[in-house]
Structure formats: structure tokens, C-alpha cells
Amino acid sequence: MKTQVAIVGAGPAGLLLSHLLHLEGVASVVLESRSREEIEATIRAGVLEQGTVDLLEQSGVGERMKREGFVHEGIYLRFAGRSHRIALTELTGRAITVYAQHEVIKDLVAARLAAGGTLLFGVKDAALYDLDSTAPKTRFHWNGKVHEIESDFVAGCDGFHGISRPSIPSRHRHEFTRSYPFGWFGILVEAPPSTDELIYAHHERGFALVSTRSPQIQRLYFQCDPQDEVKNWPDARIWEELHTRLATGEGWTLGEGRIFQKGIIAMRSFVVEPMRYGRLFLAGDAAHIVPPTGAKGLNLAVNDVRVLAEAFGSFYKTKNQALLESYSSTALKRVWRAEHFSWWMTSMLHRFHDDTPFQHRIQLAELDYIVSSRAKAITLAENYVG
Ligand code: FAD
Ligand code: DHB
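This write-up is about the structure you can find in this document. Everything numeric in this text was worked out from a predicted model, so none of it was measured.

**What to know about the packing of aromatic side chains**
The geometry of an aromatic ring pair is captured by the separation of the ring centres together with the interplanar angle, meaning the angle of the planes.
Right, on to step 1. Summed over the entire model, instances satisfying the criterion amount to 19 aromatic pairs.
Right, on to step 2. On the basis of an interplanar angle of 90° and a centroid distance of 5.9 Å, the ring pair of Tyr 200 and Tyr 384 is categorised as edge-to-face. Of this pair, Tyr 200 sits in strand β13 (residues 199-201) while Tyr 384 sits in helix α11 (residues 374-384); the two residues are 184 residues apart in sequence, bridging distant segments of the chain. Neither Tyr 200 nor Tyr 384 differs from the other in exposure class; each is buried.
Right, on to step 3. Taken together, the ring pairs connect Phe 153, Phe 281, Phe 312, Phe 315, Tyr 316 and Tyr 327 into an aromatic cluster.
Right, on to step 4. Above the ring of Trp 233, the side-chain terminus of Arg 237 is found at 3.5 Å from the ring centroid.
Right, on to step 5. The ring of Tyr 384 carries the charged tip of Lys 296 above its face, separated from the ring centre by 5.7 Å.

Here you go:
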């Protein structure tokens, strides 16, 4: 097989890149190790920055998101038993949209297939060769046979555990990592919303987050031990923990319902520099991870491929490599902004096991500052909306 850009991974980064390249008149093939059913059912992110929403709309894949997504103009910070609204739109002129990542995936898969795009699901043992030549190759097993794609470029969009990043010789990779001594326990619940906007809660027992998916389905998270197991958390224990961490003296109550999905998520910060080696370009979680507290991961993936699609488009139109050359430094600027914001939100809202009463008070002092200073509130808001 031959194509212009071989894309490894059909997550938001890979699928959107393929879609944007198609609009630029550039051919691509997407290789995905999982099945279509699996990628369309994996529960992950939910918050889209306005820039993400605008790009999906402008590129013709935003119709269902506009209909079914929820525009939120604020979030709540809850601490010391009280809620404080951060008026995102009033402070920045922008808003966020709550629309599940797997719905974005469904919309992108449908758009690629409708346009005759090549998406290969269930690909095994993908491996990259000749990345430092002008004809990189991607070899893989598919439908019981070995296949090879020769392309002009390879886009590594295969997430944190993919094969693209490790295909870069280690001496060309500078990696920056921080792991956190906690994870998130996430649940999906059949219940009406308990709040009109997301609640980020600081509590001495640990962080909690109330989000939503639809008028019938709610998404909740709470900080947990990353080594803990789902089986240790029967429904009654989950509700008790959430009620405790979200309690206010303001008469608010958390509505319960049937919990139909549970999972534990690890938290880490990670960046690889540069996001390119020869003809391999990394995008999304393959190049960087943020803890989910700032809701940035999916939005960063979208920003990477926006920049990358434009660079490929410009290369094929003009043979000029300037945008490809600057891809990594352009993308990394936003990546490090989001790394800082996500680390900041995480540090401010979670309980660390070596916390002293002093650190707890420092967290509260910072939260108090955000909700009493317009300047500090804008700092949070402009980062949150992107
Ligand atoms: P992925 O979505 O990981 O996609 C990579 C794809 O590559 C996968 O489909 C995988 O199967 C495939 N693949 C892997 N290896 C191979 C291989 N060897 N060969 C072929 N295919 C391969 N971000 C936000 O912006 N907002 C949020 O609110 C938010 N909340 C989150 C909540 C949770 C619980 C989690 C876990 C994440 C959250 N994130 C959030 C982060 C967001 O989900 C990720 O940043 C996003 O999925 C990154 O997209 P991606 O396309 O780079 O990678
Ligand atoms: C969701 C996930 C996040 O990481 C976040 O910060 C806010 C909302 C969600 O899944 O809805």
C-alpha cells in the first residue's frame, strides 16, 4: 500500500488528523489496533474547549455535538463546604461544551467512512521503519496477513502506550515526567443532573468532581489510591464518599442513581521533546499526558493535529517544509501551558499523602484568592476555556 500520511491510532488525534487532511486534499490511512465497537464505547473525556468546538464545526463534523452537547458558561469551585462560581464566559467571552469523547469518535469515524477514507481496525504488531528516510514504512498484521504501507510521513497518534514514541531512538527523545500519588475513581450514573455546571470540590478526604453526560446520565469522579481496585468499592461506599466530599452547608444534595460503569484512572504529567523524529510526527497522548483535572488532554490532541494538518497541507501545496519544521515548537508551547495549568489545578485540589495542616491551609488560601480576585479568576478561566 502507498499513501501520503500513514496515521497510527484512531483516537481523537488520528481520526481528526485524517479528516482535516482529507479537507486539505491529502490522502491518509489510519491503523487502529482495537475494533470500531471498542473505540466507540471507551469512556474518557467530556469537556471541549471552545476552540475545539469551533474546529469540529468548521470542518463539518460538529452537527450532532451542536445538537446534543451542553454549553456551560461557568464552573463551581467547592471548598470549606461552600460553592463559588467561576463565570467563565463573563470573564473570557468563551464557553466550554460538555460532549463525550466517544461521541466525537463516532462522529469522526462516520465522517471518514462517508468520505471513503481508509480506516483499518484490529491491526496487530504495527512497527515503523526508515523514519529518517523520505519513504518511511509501517508494517503490521491485519486479517491474518502481513502488510506494509509506504508513505511520505507517519503520524504517531497512538496514545501514551503506543509504539510510535518508542520508535524514536532514545538519544533523540527528551522526556519529562511527573507522577501523582493518587488516581481518579470514575463512575457513570443513571440519574438526572444534580448541578447545572461542573463542580470541582476540594475536601480533606480528597478531590471530587461532578460532571454530566446527558439529562439522564451523570459522570462523577473522586480521588482514590491508584493501586486500589474497583471491587473494593461497592455502590454504597462510593455514595458515602461522594456525599462526604461534596457536602455543603447550603442545602445542596447529590442525587443518586444506578451506577453502571466504574473505573480507576492513573494520573501523570508527561512530555516528550521534540514531537518529531525524521518523518515521524507525534500528536496527542503519544507525545504528552496531563492529569485530567484541567480537562485538557483531548483539547491538546485536537490542537496538535490542527497545527499538523496545516503543516502537511502547506507542504503538499508548496513543497515548503517550514511549517513541518516548526510543528514541534509550535505545538509544545500550548502543551507546556496546559501542563502547567493541569499540574496547578491538580496540586490545588487534591490531598497529597504527605500533606501537612500547613499545606492544607495553603490550598484553601489559594482557592479563596481565586474566588475573591477577578485577576486570579481570569487566570483560571482563560486557561480552562483554552
Ligand atoms: P487516544 O485517545 O489514547 O487514542 C490512541 C488510539 O491509538 C487508541 O484508539 C489506541 O487503541 C490506538 N493504538 C494504541 N497503540 C496502537 C498500536 N500499536 N497500533 C495501532 N493503534 C494503536 N481530556 C480532555 O480534554 N477533557 C476531559 O474532560 C478529559 N477527561 C478525561 C477523563 C478520563 C477518565 C481520561 C482517561 C482522560 C481524559 N482526558 C480528557 C484525556 C483524553 O481522553 C486524552 O487526552 C485523549 O484521548 C487523547 O487522544 P489521542 O487520540 O491522542 O489518544
Ligand atoms: C470530565 C473530565 C475531566 O477530566 C474534567 O476535568 C471535567 C469533566 C468529564 O469526563 O466529564
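**Topic: the site of ligand 2**
Right, on to step 1. Tyr 200, Ser 211, Arg 213, Tyr 221 and Pro 292 are the nearest of the 15 residues found near ligand 2.
Right, on to step 2. Here Tyr 221 contributes a side-chain N or O atom positioned 2.6 Å from an oxygen atom of ligand 2.
Right, on to step 3. Pro 292 is positioned with one of its backbone polar atoms (N or O) 2.7 Å from an oxygen atom of ligand 2.
Right, on to step 4. Burial of ligand 2 by the surrounding chains reaches 96%, relative to a free accessible area of 290 Å².
Right, on to step 5. Of all the secondary-structure elements, those providing two or more residues to the shell around ligand 2 are β14 (208-212) and β15 (217-224).
Right, on to step 6. Looking at the shell around ligand 2 residue by residue, the class counts come to nine nonpolar, three polar and three charged.

**Here we look at the sheet that holds strand β16 (residues 258-273)**
Right, on to step 1. On the basis of which strands lie adjacent, the open sheet formed by eight strands has the order β6-β5-β13-β14-β15-β12-β16-β19 and mixed pairing. Among the strands making up the open sheet, the edge pair consists of β6 (82-86) and β19 (288-289).
Right, on to step 2. Pairing of β13 with β14, which is carried by three bridges, proceeds in the antiparallel orientation. Paired with Ala 201 across the two strands is Ala 208, which belongs to β14.

**Observations regarding the sheet that holds strand β3 (residues 47-48)**
Right, on to step 1. Spatially, three strands are ordered β3-β7-β4 in an open sheet, and the strand pairing comes out antiparallel. Where the open sheet ends on each side, the last strands, each with one partner, are β3 and β4 (70-72).
Right, on to step 2. For β3 and strand β7 (residues 96-98), the ladder comprises two bridges, and the chain directions are antiparallel. The residue of β7 that forms the bridge with Leu 48 is Thr 97.

Parameters and conventions
Residues numbered from 1 in each chain as written. Chains lettered and ligands numbered in written order. Predicted model: local features only at pLDDT ≥ 70, side-chain atom pairs only at ≥ 80, totals over all residues. Heavy atoms only, no water. Phe/Tyr/Trp six-rings, centres within 6.5 Å; stacked < 30°, edge-to-face > 60°. Helix = DSSP H or I, 4+ residues; strand = E, 2+ residues; numbered from the N terminus. Buried < 20%, exposed > 50% of the residue type's maximum accessible area, 1.4 Å probe, protein only. Lys NZ or Arg CZ within 6 Å of the ring centre and 35° of its normal. Near = heavy atom within 4 Å. Polar contact = N/O pair within 3.5 Å; in protein donor to acceptor, adjacent residues only side chain to side chain. Areas by Shrake-Rupley, 256 points an atom, 1.4 Å probe, with all protein chains shown as cover. Nonpolar A, V, L, I, M, F, W, Y, C, P; charged D, E, K, R; others polar. Pairing = 2+ DSSP bridges.

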